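Fold and contact review
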Amino acid sequence: MQAAEVKADQNAAFAPRIFSGIQPSGGLTLGNYLGALKRFVEKQNEGIETIYCIVDLHAITVWQDPEKLRHATREAAAAFIAAGIDPVRSVLFNQSQVSAHAELGWIFNCVARLGWMNRMTQFKDKAGKNSENASLGLYAYPSLMAADILLYHATMVPVGEDQKQHVELTRDIAAKFNHDYKVDFFPVPEPVIEGAATRVMSLRDGTKKMSKSDPSDQSRINLTDSADAIAQKIRKARTDPEPLPDNIDGLKDRPEARNLVNIYAALSGETAEAVIAQFAGQGFGAFKPALADLAVAKLEPITTEMTRLMADPAEIDRILGDGARRADEIAQPILARTLDIMGMIRSR
Ligand code: AMP
Ligand code: TRP
C-alpha cells in the first residue's frame, strides 16, 4: 500500500485539530508517557484544539476483565490529567461513550481493503502464530482507529513510532472515501512522531518495545510505580559493559544504551547529543543513578496526582461524561454528513 499522497493544500480547508488515543488495556508505561502523553500536553499548551480518547473499544479486541477495564479506564483518565491535560481546554473521554466511533468504524470496514489490513504489522505481532484464534475486532482494529481520527476531521495525530502504519492506513481510508464518493469531505491526517523517545524499548531487551502487556514487570516503568521501584528497575536495566561513547553514532549497535540515553533526553527535554556530551566516557555505574534520579523527579509528581485523583472515581466519571458530550457534539454532524454522502436516508 502506498500511503495516500497529499496535495500541499489538501488539508487547507480544515482547521488544525489534534486527535489521539491510548488503550486502557493495563496501566500506562513510561513509553506511553514519553511517546504520547507528554507530547499530548505540549500540543494542548500550544493552543491547538486537542481531543484525547481512552479507546476502550480497541482494548476489547483482546479479552479484558470487566473490573480491570473499568479501573484501567479511570486510571488512564487520571494519568492524562496528572500529566497536564486540562479537561476543559482539551476534550478527554472514553471511546465507548460516543457511539459514532463504532458506526463510522463499520463504514470504514467497508472502505478499507483486505489487502491493506493484511499488511498491518501490529495485527501480525498481536495475533502471533495462532491468528485463526484472534478476534475479528483485532483484525479490524486499524479501521476503527481511522474512524476515531476522521470522526473529528482531525488533521494531526501525535503517536509513537509503532502507530505510524495505522495513521498511514487512516490516510488511505480518507483518500479512498473522498475518491469513491467524489468529495473532499475527510482531511488526510498527518502522523506527528517527534521527540527523543518515539520508541521506548524494554528495560530487559533493547530490541523490544516497552509495553504494558509484556509479561515481565521489570521490562517497564509503570506510571503507578513507587520511586523505589523506578530506581530499582533502572539500576537493574540490561546494559553492556562499555562506557558511554562521545557521540551518538557510538550508540548504533548498542540498543540498551541508546534506549537509556533517549529516555534521559526525553525526560530532561534535551537532545540525545546533549546527553551524550554530558556523560561521554562514563560507565552505567554513574549514568543509571543520574537517570533514576531524573525519572523519579519527573514521574513522582504524576504518580502522586494520579493517586489523589483515583480516590474520587465519581469525579473522573463526571469528567469523562462531560468530555463525551463535547466529543459527541463534534462527531454527530460529521457522521450524519458521511451517511448522507453515502446515500443513507436520515429521516427521523
Ligand atoms: P497503546 O498503549 O498501545 O494504546 O499506545 C498509546 C500511545 O502510546 C501510542 O501513541 C503509542 O505509539 C505510544 N506508545 C506505546 N508504547 C510506546 C513506547 N514503548 N514508546 C513510545 N511510544 C509508545
Ligand atoms: N492504536 C493506538 C495504540 O495502540 C491507540 C489508538 C486508537 C489511537 N485510536 C487512535 C491513536 C486514534 C491515535 C489516534 O497505540
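All residue numbers here refer to positions counted from 1 along the written sequence of the relevant chain. Whichever chain is written first is A, and whichever ligand is written first is 1; the rest continue in order. In view of the model being predicted, local features appear only for residues whose pLDDT reaches at least 70, and side-chain atom pairs are presented and counted only at 80 or more, with totals across whole chains, interfaces and linings using the full set of residues. Side-chain calculation: all heavy atoms of the structure are included, whereas hydrogens and water are not.

Things to note about the overall build of the chain
Strands here mean DSSP runs of E at least two residues long; helices mean DSSP runs of H or I at least four residues long; both are numbered from the N terminus. The secondary structure content of the chain amounts to 13 helices and five strands. Radius of gyration: C-alpha atoms only; globule rule: 2.2 Å multiplied by the number of residues to the exponent 0.38. For 348 residues, the compact-globule estimate of 2.2 N^0.38 gives 20 Å, and the chain sits close to it at 21 Å. Overall, the chain is about 70 × 45 × 45 Å in size when its C-alpha atoms are taken along their principal axes. A 1.4 Å probe rolled over the protein chains alone gives each residue an accessible area, and that area as a share of the maximum for its type sets the label: buried under 20%, exposed over 50%, partly exposed in between. Every one of the 348 residues in the chain was classed for burial, and the buried ones make up 52%. For this analysis, residues touch if any pair of their heavy atoms sits within 4.5 Å. When contacts within the chain are restricted to residue pairs at least 6 apart in sequence, long-range pairs at least 24 apart make up 77% of them. Note that accessible areas follow from Shrake-Rupley with a 1.4 Å probe, and for residues the cover is restricted to the protein chains shown. As presented, the chain carries roughly 16200 Å² of accessible surface, and 51% of it is formed by carbon and sulfur atoms. We count Lys and Arg on the positive side and Asp and Glu on the negative side, and we leave His and both chain ends out. By convention, the point assigned to a charge is CZ for Arg, NZ for Lys, CD for Glu and CG for Asp. A distance of 3 Å separates the average location of the 40 positive side-chain charges in the chain from that of its 45 negative side-chain charges.

Focus on the domain arrangement of the chain
Where each domain starts and ends follows an automatic or database-derived domain assignment. As assigned here, the chain comprises domain 1 (3–198 + 312–342) and domain 2 (217–308). Taking only C-alpha atoms, the centre of domain 1 and the centre of domain 2 are 29 Å apart. Of the residues lining the interface, 15 residues belong to domain 1; the matching set on domain 2 comes to 16 residues. Salt bridge criterion: a side-chain nitrogen from Lys or Arg within 4 Å of a carboxyl oxygen from Asp or Glu. On the surface where domain 1 and domain 2 come into contact, there are zero salt bridges. Polar contact is defined as a pair of N or O atoms within 3.5 Å, subject to the rule that within protein one atom must be able to donate a hydrogen and the other to accept it, and that residues adjacent in sequence are counted only when both atoms are side-chain atoms. Along the contact surface separating domain 1 from domain 2 lie three residue pairs in polar contact (both at pLDDT 80 or more). Elements supplying a minimum of two residues to the side of domain 1 that touches domain 2: α1 (30–45) and α3 (66–83).

Points about the pairing of strand β2 (residues 49–54)
A regular strand places its side chains so that they alternate between the two faces of the sheet. For β2, the tally of buried residues reaches five of six residues, placing the bulk of the element in the interior. For strand β1 (residues 17–22) and β2, the ladder comprises six bridges, and the chain directions are parallel. Within the sheet, the bridge partner assigned to Phe19 lies in β2 and is Ile51. We call a crossover right-handed when, viewed with the strands running away from us, the connection from the first strand over the helix to the second turns clockwise. Where the polypeptide runs from β1 across α1 and back to β2, its parallel neighbour, the crossover connection is right-handed. Should DSSP find at least two bridges between two strands, the strands are taken to pair.

Comments concerning the site of ligand 2
Residues are counted as near a molecule or strand when any one of their heavy atoms sits within 4 Å of it. Near ligand 2 lie 13 residues; those nearest to it are Gln23, Tyr141, Met145, Asp148 and Gln163. Here Asp148 contributes a side-chain N or O atom positioned 2.6 Å from a nitrogen atom of ligand 2. Relative to its unbound accessible surface of 370 Å², ligand 2 loses 91% to contact with the protein. Under a 2 Å grid-point criterion requiring more than half of the atoms, the pocket assigned to ligand 2 is the largest pocket. Contributions of two or more residues to the shell around ligand 2 are made by β1 and α7 (136–150). Looking at the shell around ligand 2 element by element, the count peaks at four residues for α7. Polar here means any residue other than Ala, Val, Leu, Ile, Met, Phe, Trp, Tyr, Cys and Pro, which are nonpolar, and Asp, Glu, Lys and Arg, which are charged; Gly is therefore polar. Across the shell around ligand 2, the residue classes break down as seven nonpolar, five polar and one charged. Using a 1 Å grid laid over the protein atoms alone, points where a 1.4 Å probe fits but cannot get out form a cavity; open sets with protein on both sides within 12 Å along at least 5 of 7 lines form a pocket; any residue with an atom within 4 Å of a point counts as lining. Assignment of a molecule to a cavity or pocket requires that more than half of its atoms lie within 2 Å of the corresponding grid points.

Side note on the nonpolar core
The tendency in soluble globular proteins is for nonpolar side chains to be buried side by side. Working definition of a nonpolar core: buried Ala, Val, Leu, Ile, Met, Phe, Trp, Tyr and Cys residues. They are joined through side-chain atoms within 4.5 Å. Ranked by size, the top nonpolar core spans 61 residues in total, and within it Tyr33, Leu37 and Phe287 carry the most contacts. By residue number, the principal contributor to this core is helix α12 (residues 284–310), which donates 11 residues. In this structure, this core is formed jointly by two domains, domain 1 (3–198 + 312–342) and domain 2 (217–308), each of which donates at least three residues. The contact partners of Phe287, leaving out residues within four places of it in the chain, are Leu244, Leu260, Val261, Tyr264, Val275 and Phe279.

Comments concerning helix α9 (residues 227–236)
Buried within α9 are the following residues: Ile230, Ala231, Lys233 and Ile234. The arc enclosing the buried residues of α9, seen along the axis, measures out at 165 degrees, which places them on a common side. Turned more than 90 degrees away from the buried face of α9, the exposed residues are Asp228, Arg235 and Lys236. Buried residues along α9 sit in contact with α12. Here the arc refers to the set of directions running from the helix axis out to each C-beta atom.

Focus: unusual backbone geometry
The phi dihedral of His153 is positive, around 50 degrees, even though this residue is not glycine. Within the element layout of this structure, His153 appears in the loop between α7 and β4 (156–158). Residue Lys182 is not a glycine yet carries a positive backbone phi of 55 degrees. Topologically, Lys182 is positioned in the loop between α8 (164–180) and β5 (190–192).

A look at the packing of α7 against α8
Two elements in contact, α7 and α8, have axes whose closest approach is 9 Å; the angle formed by their N-to-C orientations is 70 degrees. With respect to α8, the axis of α7 lies roughly perpendicular. When the axes of α7 and α8 are compared, the crossing they make is right-handed. Listed contacts from α8 to Tyr141, Pro142, Ser143, Met145, Ala146, Ile149 and Leu150 of α7 are His166, Val167, Leu169, Thr170, Ile173 and Ala174. Class assignment for the residues of the contact of α7 with α8 results in 10 nonpolar, three polar and no charged. For helices, the fitted line uses only the C-alpha atoms of the stretch in contact; every axis is such a line through C-alpha atoms, and the angle between N-to-C directions lies from 0 to 180 degrees. Oblique is the label for any angle not covered by the other classes, which are roughly parallel (under 35 degrees), roughly antiparallel (over 145) and roughly perpendicular (65 to 115). Helix crossings get a hand from a simple test, with the near helix turned counterclockwise from the far one by less than a right angle marking a left-handed crossing and a clockwise turn marking a right-handed one.

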